[in-house]
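What follows is the residue order along each chain.
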Amino acid sequence: MNDEKGFTEIKMAAGWFMTISLQKSDKFGDEKEYIEIAKEKSGQKRGRFNINPKYVRVLGEALVKFLMRISCKY
């Protein structure tokens, strides 16, 4: 985990990793930041999802709620 550079890598099963990174795009002239969540295997991104930073808090809160609901079952 390397929060200083805006990058986190989570090891999953069978050689898969989930990467969460802060990216920048200047596609339309304005430099905009976004969060990329990707699944990766053998150094290649196999699937990715880009999130506007203003929605990241909502996503985090939803994940925590799901975790709490799942944890109560075990």
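Just so you know, these numbers come straight off a predicted model, no measurement behind them.

Draft legend 1. Region of interest: the overall build of the chain. The number of helices and strands found in the chain is 1 helix and 4 strands. Expressed as a percentage of its 74 residues, the buried residues of the chain come to 11%. If you take every contact in the chain between residues at least 6 apart in sequence, the share linking residues at least 24 apart comes to 8%. Accessible surface computed for the chain: about 6,500 Å², of which carbon and sulfur atoms make up 56%.

Draft legend 2. Spotlight on the pattern of salt bridges. One pass over the structure, following the stated rule, counts 4 salt bridges. A salt bridge links Glu31 to Lys24; the nearest nitrogen and oxygen atoms lie 3.7 Å apart. Residue Lys24 is classed as exposed on the basis of its relative accessible area, which comes to 53%. The partner of Glu33 in a salt bridge is Lys24, with the nearest N and O atoms 4.0 Å apart.

Draft legend 3. Just the packing of aromatic side chains, in detail. One pass over the structure, following the stated rule, counts 0 aromatic pairs. The positively charged end of Lys39 is found above the aromatic ring belonging to Trp16, 5.1 Å away from the centroid.

Draft legend 4. Focus on the environment of Ile10. With respect to the helices and strands, the residue Ile10 is situated in strand 1 (residues 7-11). Between the alpha carbons of Ile10 and Lys39 there is a distance of 9.5 Å; along the sequence they are 29 residues apart. Setting aside residues up to four positions removed in sequence, Ile10 forms contacts with Trp16, Phe17, Met18 and Ile20.

Rules used in this analysis
Residues numbered from 1 in each chain as written. Predicted model: local features only at pLDDT ≥ 70, side-chain atom pairs only at ≥ 80, totals over all residues. Heavy atoms only, no water. Helix = DSSP H or I, 4+ residues; strand = E, 2+ residues; numbered from the N terminus. Buried < 20%, exposed > 50% of the residue type's maximum accessible area, 1.4 Å probe, protein only. Contact = heavy atoms within 4.5 Å. Areas by Shrake-Rupley, 256 points an atom, 1.4 Å probe, with all protein chains shown as cover. Salt bridge = Lys/Arg side-chain N within 4 Å of Asp/Glu carboxyl O. Phe/Tyr/Trp six-rings, centres within 6.5 Å; stacked < 30°, edge-to-face > 60°. Lys NZ or Arg CZ within 6 Å of the ring centre and 35° of its normal.

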